[in-house]
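Architecture and fold: a report
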Amino acid sequence: MSPEPLVELVRDGMVEGVHHGSAVVLAPDGSTLFAAGDTDSPMYPRSTAKPLQATAMARLGLRLSPAGFAIAAASHSGEPMHLEAALDVLGGRSPDLLGNPADFPFDPVERDRWLAEGRAPSRLGHNCSGKHAAMLATCAVNGWATEGYLDPAHPLQRAIAATVEDLTGRPIARVAVDGCGAPLFATTLRGLATAVSKIATAAPGTPDHLVADGIRRHPELVGGSRRDVTAVMRAVPGLIAKDGFEAVQVAALPDGTAIAFKIADGGDRARYPVLAALLGLCGADVPPGPENLRFAGNLTVGSTA
(Lines give C-alpha, C1' and ligand atoms only; values in the text may rest on other atoms or scores of the structure.)
Protein backbone atom coordinates (compact mmCIF):
# COMPACT_ATOMS: atom_id res chain seq x y z
CA MET A 1 0.00 0.00 0.00
CA SER A 2 1.05 3.61 -0.60
CA PRO A 3 -0.13 5.60 2.42
CA GLU A 4 -0.35 9.37 2.74
CA PRO A 5 0.07 11.64 5.79
CA LEU A 6 -3.22 11.54 7.70
CA VAL A 7 -2.51 12.60 11.29
CA GLU A 8 0.00 15.03 12.76
CA LEU A 9 1.18 15.09 16.36
CA VAL A 10 1.72 18.72 17.34
CA ARG A 11 3.73 20.01 20.29
CA ASP A 12 3.81 23.77 20.99
CA GLY A 13 2.80 24.55 17.44
CA MET A 14 5.38 22.31 15.76
CA VAL A 15 4.73 18.99 14.09
CA GLU A 16 6.54 16.33 16.12
CA GLY A 17 5.30 13.21 14.39
CA VAL A 18 3.20 12.05 11.45
CA HIS A 19 0.99 8.97 10.98
CA HIS A 20 0.47 7.87 7.39
CA GLY A 21 -2.51 5.88 6.19
CA SER A 22 -5.08 5.22 3.51
CA ALA A 23 -8.77 6.10 3.63
CA VAL A 24 -11.91 6.16 1.53
CA VAL A 25 -15.38 7.65 1.94
CA LEU A 26 -18.11 6.36 -0.35
CA ALA A 27 -21.39 8.11 -1.12
CA PRO A 28 -24.61 6.05 -0.92
CA ASP A 29 -24.40 5.41 -4.66
CA GLY A 30 -20.85 4.05 -4.31
CA SER A 31 -19.09 7.06 -5.78
CA THR A 32 -15.99 8.39 -4.04
CA LEU A 33 -16.41 11.39 -1.75
CA PHE A 34 -12.86 11.21 -0.45
CA ALA A 35 -9.80 9.05 -1.01
CA ALA A 36 -6.25 9.15 0.29
CA GLY A 37 -3.44 6.68 -0.17
CA ASP A 38 -4.11 3.26 -1.61
CA THR A 39 -7.71 2.14 -1.22
CA ASP A 40 -7.65 -0.69 -3.76
CA SER A 41 -4.75 -2.93 -2.72
CA PRO A 42 -5.33 -5.95 -0.46
CA MET A 43 -5.08 -5.40 3.29
CA TYR A 44 -6.11 -7.32 6.38
CA PRO A 45 -9.34 -5.92 7.83
CA ARG A 46 -8.73 -7.49 11.23
CA SER A 47 -11.76 -7.07 13.48
CA THR A 48 -13.53 -4.66 11.14
CA ALA A 49 -14.50 -7.87 9.32
CA LYS A 50 -16.70 -8.98 12.24
CA PRO A 51 -19.90 -7.31 10.99
CA LEU A 52 -19.33 -9.11 7.67
CA GLN A 53 -18.78 -12.43 9.46
CA ALA A 54 -21.88 -11.89 11.59
CA THR A 55 -23.87 -11.11 8.44
CA ALA A 56 -22.68 -14.37 6.91
CA MET A 57 -23.89 -16.26 9.96
CA ALA A 58 -27.27 -14.53 9.86
CA ARG A 59 -27.57 -15.57 6.21
CA LEU A 60 -26.78 -19.12 7.31
CA GLY A 61 -29.84 -19.17 9.53
CA LEU A 62 -28.44 -17.97 12.86
CA ARG A 63 -31.11 -16.14 14.81
CA LEU A 64 -30.08 -14.21 17.87
CA SER A 65 -31.42 -11.33 19.90
CA PRO A 66 -30.17 -7.86 18.91
CA ALA A 67 -27.71 -8.12 21.81
CA GLY A 68 -26.57 -11.48 20.45
CA PHE A 69 -25.78 -10.06 17.05
CA ALA A 70 -24.03 -7.09 18.65
CA ILE A 71 -21.70 -9.35 20.63
CA ALA A 72 -21.18 -11.55 17.55
CA ALA A 73 -19.87 -8.47 15.74
CA ALA A 74 -17.87 -7.22 18.72
CA SER A 75 -14.32 -6.85 19.88
CA HIS A 76 -15.65 -6.50 23.38
CA SER A 77 -13.93 -5.04 26.41
CA GLY A 78 -14.52 -8.01 28.70
CA GLU A 79 -16.94 -6.25 31.03
CA PRO A 80 -19.57 -8.39 32.80
CA MET A 81 -22.23 -7.38 30.26
CA HIS A 82 -20.03 -8.72 27.46
CA LEU A 83 -19.36 -12.04 29.14
CA GLU A 84 -23.07 -12.48 29.84
CA ALA A 85 -23.98 -11.70 26.22
CA ALA A 86 -21.41 -14.19 24.91
CA LEU A 87 -22.73 -16.85 27.30
CA ASP A 88 -26.25 -16.24 26.01
CA VAL A 89 -25.05 -16.85 22.43
CA LEU A 90 -23.35 -20.06 23.56
CA GLY A 91 -26.79 -21.26 24.63
CA GLY A 92 -25.61 -23.61 27.36
CA ARG A 93 -22.50 -24.80 25.52
CA SER A 94 -19.30 -24.75 27.51
CA PRO A 95 -16.93 -21.80 26.97
CA ASP A 96 -14.23 -24.45 26.72
CA LEU A 97 -15.53 -25.16 23.20
CA LEU A 98 -14.53 -21.66 22.06
CA GLY A 99 -11.63 -21.83 19.65
CA ASN A 100 -10.16 -18.45 20.56
CA PRO A 101 -7.24 -18.25 23.00
CA ALA A 102 -7.68 -17.54 26.69
CA ASP A 103 -7.04 -13.90 27.56
CA PHE A 104 -7.62 -11.17 30.10
CA PRO A 105 -10.25 -8.53 29.31
CA PHE A 106 -9.28 -5.93 26.71
CA ASP A 107 -10.46 -3.09 28.94
CA PRO A 108 -7.60 -2.00 31.23
CA VAL A 109 -9.90 -1.40 34.22
CA GLU A 110 -11.42 -4.87 33.91
CA ARG A 111 -8.00 -6.41 33.31
CA ASP A 112 -6.61 -4.81 36.47
CA ARG A 113 -9.63 -6.01 38.42
CA TRP A 114 -9.11 -9.57 37.22
CA LEU A 115 -5.43 -9.42 38.16
CA ALA A 116 -6.23 -7.98 41.60
CA GLU A 117 -8.73 -10.81 42.16
CA GLY A 118 -6.21 -13.41 41.04
CA ARG A 119 -8.36 -14.51 38.10
CA ALA A 120 -6.74 -16.39 35.25
CA PRO A 121 -7.18 -15.59 31.55
CA SER A 122 -10.22 -17.27 30.03
CA ARG A 123 -11.59 -18.01 26.58
CA LEU A 124 -14.76 -16.13 27.48
CA GLY A 125 -12.72 -13.07 28.48
CA HIS A 126 -11.08 -12.83 25.06
CA ASN A 127 -12.40 -9.89 23.05
CA CYS A 128 -13.48 -12.21 20.19
CA SER A 129 -15.47 -14.68 22.30
CA GLY A 130 -18.81 -13.37 21.03
CA LYS A 131 -17.87 -14.05 17.42
CA HIS A 132 -16.65 -17.54 18.27
CA ALA A 133 -19.79 -18.27 20.28
CA ALA A 134 -21.84 -17.27 17.23
CA MET A 135 -19.71 -19.52 15.02
CA LEU A 136 -20.43 -22.49 17.28
CA ALA A 137 -24.14 -21.65 17.28
CA THR A 138 -24.16 -21.37 13.48
CA CYS A 139 -22.57 -24.80 13.18
CA ALA A 140 -25.32 -26.21 15.40
CA VAL A 141 -28.06 -24.59 13.30
CA ASN A 142 -26.64 -26.15 10.15
CA GLY A 143 -25.73 -29.54 11.57
CA TRP A 144 -22.01 -29.00 11.04
CA ALA A 145 -19.32 -30.40 13.29
CA THR A 146 -17.88 -27.86 15.70
CA GLU A 147 -14.55 -29.64 15.66
CA GLY A 148 -12.31 -27.80 13.23
CA TYR A 149 -14.75 -24.92 12.81
CA LEU A 150 -11.82 -22.51 12.34
CA ASP A 151 -10.36 -24.45 9.41
CA PRO A 152 -10.77 -22.41 6.20
CA ALA A 153 -12.05 -25.61 4.57
CA HIS A 154 -14.87 -26.01 7.12
CA PRO A 155 -18.34 -25.36 5.63
CA LEU A 156 -18.82 -22.43 8.01
CA GLN A 157 -15.66 -20.64 6.90
CA ARG A 158 -16.30 -21.35 3.23
CA ALA A 159 -19.73 -19.78 3.59
CA ILE A 160 -18.31 -16.77 5.44
CA ALA A 161 -15.72 -16.30 2.69
CA ALA A 162 -18.47 -16.34 0.06
CA THR A 163 -20.42 -13.67 1.95
CA VAL A 164 -17.32 -11.50 2.36
CA GLU A 165 -16.83 -11.61 -1.41
CA ASP A 166 -20.50 -10.85 -1.99
CA LEU A 167 -20.55 -7.87 0.38
CA THR A 168 -17.25 -6.37 -0.74
CA GLY A 169 -17.78 -7.10 -4.42
CA ARG A 170 -14.20 -8.32 -4.61
CA PRO A 171 -12.46 -11.69 -4.54
CA ILE A 172 -10.56 -12.56 -1.38
CA ALA A 173 -6.93 -11.76 -2.08
CA ARG A 174 -5.36 -13.87 0.67
CA VAL A 175 -6.37 -16.03 3.61
CA ALA A 176 -4.42 -15.69 6.86
CA VAL A 177 -5.10 -16.45 10.54
CA ASP A 178 -6.36 -13.65 12.75
CA GLY A 179 -5.19 -13.19 16.32
CA CYS A 180 -8.19 -15.13 17.63
CA GLY A 181 -7.47 -18.12 15.39
CA ALA A 182 -10.26 -17.50 12.86
CA PRO A 183 -9.56 -17.22 9.13
CA LEU A 184 -8.75 -13.66 8.08
CA PHE A 185 -9.75 -12.71 4.55
CA ALA A 186 -7.77 -9.94 2.87
CA THR A 187 -9.75 -7.38 0.93
CA THR A 188 -9.49 -3.67 0.08
CA LEU A 189 -10.53 -0.55 1.96
CA ARG A 190 -12.95 0.26 -0.85
CA GLY A 191 -14.38 -3.24 -0.55
CA LEU A 192 -14.79 -2.84 3.22
CA ALA A 193 -16.60 0.46 2.79
CA THR A 194 -18.86 -1.13 0.19
CA ALA A 195 -19.66 -3.99 2.57
CA VAL A 196 -20.57 -1.87 5.60
CA SER A 197 -22.69 0.36 3.36
CA LYS A 198 -24.71 -2.69 2.28
CA ILE A 199 -25.13 -3.85 5.88
CA ALA A 200 -26.16 -0.37 7.07
CA THR A 201 -28.85 -0.06 4.39
CA ALA A 202 -30.18 -3.62 4.54
CA ALA A 203 -33.97 -3.80 4.43
CA PRO A 204 -35.83 -4.73 7.64
CA GLY A 205 -36.62 -8.42 7.77
CA THR A 206 -33.43 -9.45 5.97
CA PRO A 207 -30.59 -11.36 7.68
CA ASP A 208 -28.21 -8.46 7.01
CA HIS A 209 -30.52 -6.05 8.83
CA LEU A 210 -30.42 -8.23 11.95
CA VAL A 211 -26.72 -7.42 12.28
CA ALA A 212 -27.12 -3.69 11.64
CA ASP A 213 -30.01 -3.53 14.10
CA GLY A 214 -28.04 -5.33 16.81
CA ILE A 215 -25.06 -3.00 16.42
CA ARG A 216 -27.27 0.11 16.51
CA ARG A 217 -29.28 -1.00 19.51
CA HIS A 218 -26.30 -2.22 21.56
CA PRO A 219 -23.18 -0.15 20.78
CA GLU A 220 -22.00 -0.82 24.34
CA LEU A 221 -21.62 -4.50 23.47
CA VAL A 222 -19.72 -3.85 20.22
CA GLY A 223 -16.98 -2.05 22.14
CA GLY A 224 -17.37 -1.14 25.78
CA SER A 225 -18.22 1.57 28.28
CA ARG A 226 -14.80 3.20 27.85
CA ARG A 227 -14.35 2.70 24.09
CA ASP A 228 -14.48 5.39 21.42
CA VAL A 229 -16.24 3.10 18.94
CA THR A 230 -19.17 2.89 21.37
CA ALA A 231 -19.12 6.63 22.11
CA VAL A 232 -19.23 7.64 18.46
CA MET A 233 -22.16 5.31 17.72
CA ARG A 234 -24.04 6.85 20.63
CA ALA A 235 -23.25 10.33 19.29
CA VAL A 236 -24.35 9.72 15.69
CA PRO A 237 -27.88 8.33 15.32
CA GLY A 238 -28.03 5.17 13.23
CA LEU A 239 -24.27 4.89 12.74
CA ILE A 240 -22.69 1.45 12.67
CA ALA A 241 -18.95 1.40 13.34
CA LYS A 242 -16.25 -1.16 14.04
CA ASP A 243 -12.62 -0.75 15.01
CA GLY A 244 -9.87 -3.30 14.53
CA PHE A 245 -6.29 -3.99 15.53
CA GLU A 246 -3.57 -2.37 13.45
CA ALA A 247 -5.69 0.80 13.44
CA VAL A 248 -8.33 -0.24 10.92
CA GLN A 249 -11.77 1.35 11.11
CA VAL A 250 -15.06 1.16 9.25
CA ALA A 251 -18.29 3.11 9.72
CA ALA A 252 -21.52 3.65 7.83
CA LEU A 253 -24.40 6.08 8.18
CA PRO A 254 -28.01 4.94 7.74
CA ASP A 255 -28.12 6.36 4.20
CA GLY A 256 -25.19 4.15 3.16
CA THR A 257 -22.41 6.74 3.26
CA ALA A 258 -19.45 4.63 4.36
CA ILE A 259 -15.91 5.05 5.65
CA ALA A 260 -12.95 2.67 5.73
CA PHE A 261 -9.36 3.49 6.60
CA LYS A 262 -6.14 2.06 7.98
CA ILE A 263 -3.25 3.78 9.75
CA ALA A 264 -0.13 2.35 8.15
CA ASP A 265 1.95 1.99 11.31
CA GLY A 266 -0.91 0.45 13.26
CA GLY A 267 -0.85 3.32 15.75
CA ASP A 268 -4.25 3.38 17.41
CA ARG A 269 -3.84 6.94 18.71
CA ALA A 270 -4.17 8.17 15.12
CA ARG A 271 -7.37 6.25 14.40
CA TYR A 272 -9.95 8.44 16.13
CA PRO A 273 -8.82 11.80 14.65
CA VAL A 274 -9.24 10.31 11.17
CA LEU A 275 -12.64 8.87 12.05
CA ALA A 276 -13.82 12.22 13.45
CA ALA A 277 -12.59 14.15 10.40
CA LEU A 278 -14.17 11.78 7.90
CA LEU A 279 -17.47 11.68 9.79
CA GLY A 280 -17.36 15.48 9.78
CA LEU A 281 -16.99 15.36 6.01
CA CYS A 282 -20.17 13.28 5.96
CA GLY A 283 -22.01 15.88 8.04
CA ALA A 284 -21.85 14.08 11.40
CA ASP A 285 -20.85 16.07 14.47
CA VAL A 286 -18.44 14.23 16.77
CA PRO A 287 -15.68 15.49 19.10
CA PRO A 288 -12.35 15.88 17.27
CA GLY A 289 -10.27 14.00 19.82
CA PRO A 290 -7.02 15.08 21.57
CA GLU A 291 -5.92 18.65 20.77
CA ASN A 292 -2.36 17.60 19.97
CA LEU A 293 -3.49 15.17 17.25
CA ARG A 294 -4.91 16.72 14.11
CA PHE A 295 -6.11 15.38 10.78
CA ALA A 296 -3.49 16.21 8.16
CA GLY A 297 -5.31 15.09 5.01
CA ASN A 298 -6.82 17.37 2.41
CA LEU A 299 -10.55 16.78 2.65
CA THR A 300 -11.08 18.17 -0.87
CA VAL A 301 -8.88 15.51 -2.47
CA GLY A 302 -11.07 13.25 -4.57
CA SER A 303 -14.15 14.96 -3.22
CA THR A 304 -17.38 15.39 -5.12
CA ALA A 305 -19.00 17.28 -2.25
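Residue positions are given per chain, counting from 1 as you read along its sequence in written order. Local features in this predicted model are restricted to residues of pLDDT 70 or higher, and side-chain atom pairs are both shown and tallied only at a pLDDT of 80 or more, whereas totals for entire chains, interfaces and linings draw on every residue. The basis for every side-chain value is the complete set of heavy atoms in the structure, and neither hydrogens nor water enter the calculation.

**Some points on the overall build of the protein chain**
Put simply, the test is: Put simply, DSSP marks the helices as runs of H or I at least four residues long and the strands as runs of E at least two long, and each gets a number from the N terminus on. All radius of gyration figures rest on C-alpha atoms, and the globule criterion is 2.2 Å times the number of residues raised to 0.38. Relative accessibility thresholds used throughout: buried, under 20% of the residue-type maximum; exposed, over 50%; partly exposed, between the two (1.4 Å probe, protein chains only). Each accessible area value is a Shrake-Rupley result obtained with a 1.4 Å probe; residue values ignore everything except the protein chains displayed when judging cover.
For the protein chain, the helix and strand inventory stands at 11 helices and nine strands. The globule rule puts the C-alpha radius of gyration for 305 residues at 19 Å, and the 18 Å found for the protein chain is close to it. Taken along its principal axes, the extent of the C-alpha atoms in the protein chain is 55 × 45 × 35 Å. Every one of the 305 residues in the protein chain was classed for burial, and the buried ones make up 54%. Summed over its atoms, the accessible surface of the protein chain is roughly 12,000 Å², and 54% of this surface lies on carbon and sulfur atoms.

**As for helix α5 (residues 129-142)**
Here is the rule we go by: For a helix, the expected span equals 1.5 Å multiplied by the number of residues minus one. We call two residues contacting when some pair of their heavy atoms lies within 4.5 Å.
Between its first and last C-alpha atoms α5 spans 20 Å; for 14 residues at 1.5 Å apiece the expected length is 20 Å, and the two agree. Of all 14 residues that make up α5, 11 are buried, and the element is covered over most of its length. For α5, the full list of buried residues reads S129, G130, K131, H132, A133, A134, M135, L136, A137, T138 and C139. Looking at the buried residues of α5, the elements they touch are α1 (50-59), α2 (66-72), α3 (80-90) and α6 (155-168). A positive backbone phi angle near 70° is found at G143, which sits one or two residues after α5.

**Remarks on the environment of G148**
Topologically, G148 is positioned in the loop between α5 and α6. Taking the C-alpha atoms as reference points, G148 and V7, separated by 141 residues in sequence, lie 42 Å from one another.

**Here we look at the packing of α5 against α6**
Put simply, the rule is: Axis definition: a line fitted to C-alpha atoms, over the contacting stretch in the case of helices. Angles run 0 to 180 degrees between N-to-C directions. By the definition adopted for this analysis, an angle is roughly parallel if under 35 degrees, roughly antiparallel if over 145, roughly perpendicular if from 65 to 115, and oblique otherwise. When residues are grouped by polarity, Ala, Val, Leu, Ile, Met, Phe, Trp, Tyr, Cys and Pro land in nonpolar, Asp, Glu, Lys and Arg in charged, and all others, Gly among them, in polar.
Interhelical geometry of α5 versus α6 gives an angle of 105° and a closest axis separation of 10 Å. By the criterion of interaxial angle, the relationship of α5 to α6 is roughly perpendicular. Note on element contacts: α6 touches α5 through L156, Q157 and I160, opposite M135, T138 and C139. Its residues assigned to classes, the contact of α5 with α6 shows four nonpolar, two polar and no charged.

**With respect to α3**
What counts here: What the arc measures is the spread of directions leading from the helix axis to the C-beta atoms.
Of all the positions in α3, only H82, L83, A85, A86, V89 and L90 are classed as buried. Buried residues of α3, viewed axially, fall in a sector of 160°; they line one side. Those residues of α3 that are exposed and angled more than 90 degrees off the buried face are E84 and D88. Buried residues in α3 make contact with α2, α4 (108-116), α5 and α9 (219-222). At the exit of α3 stands G91, carrying a positive phi of roughly 60°.

The analysis is restricted to geometry; functional conclusions fall outside its scope.
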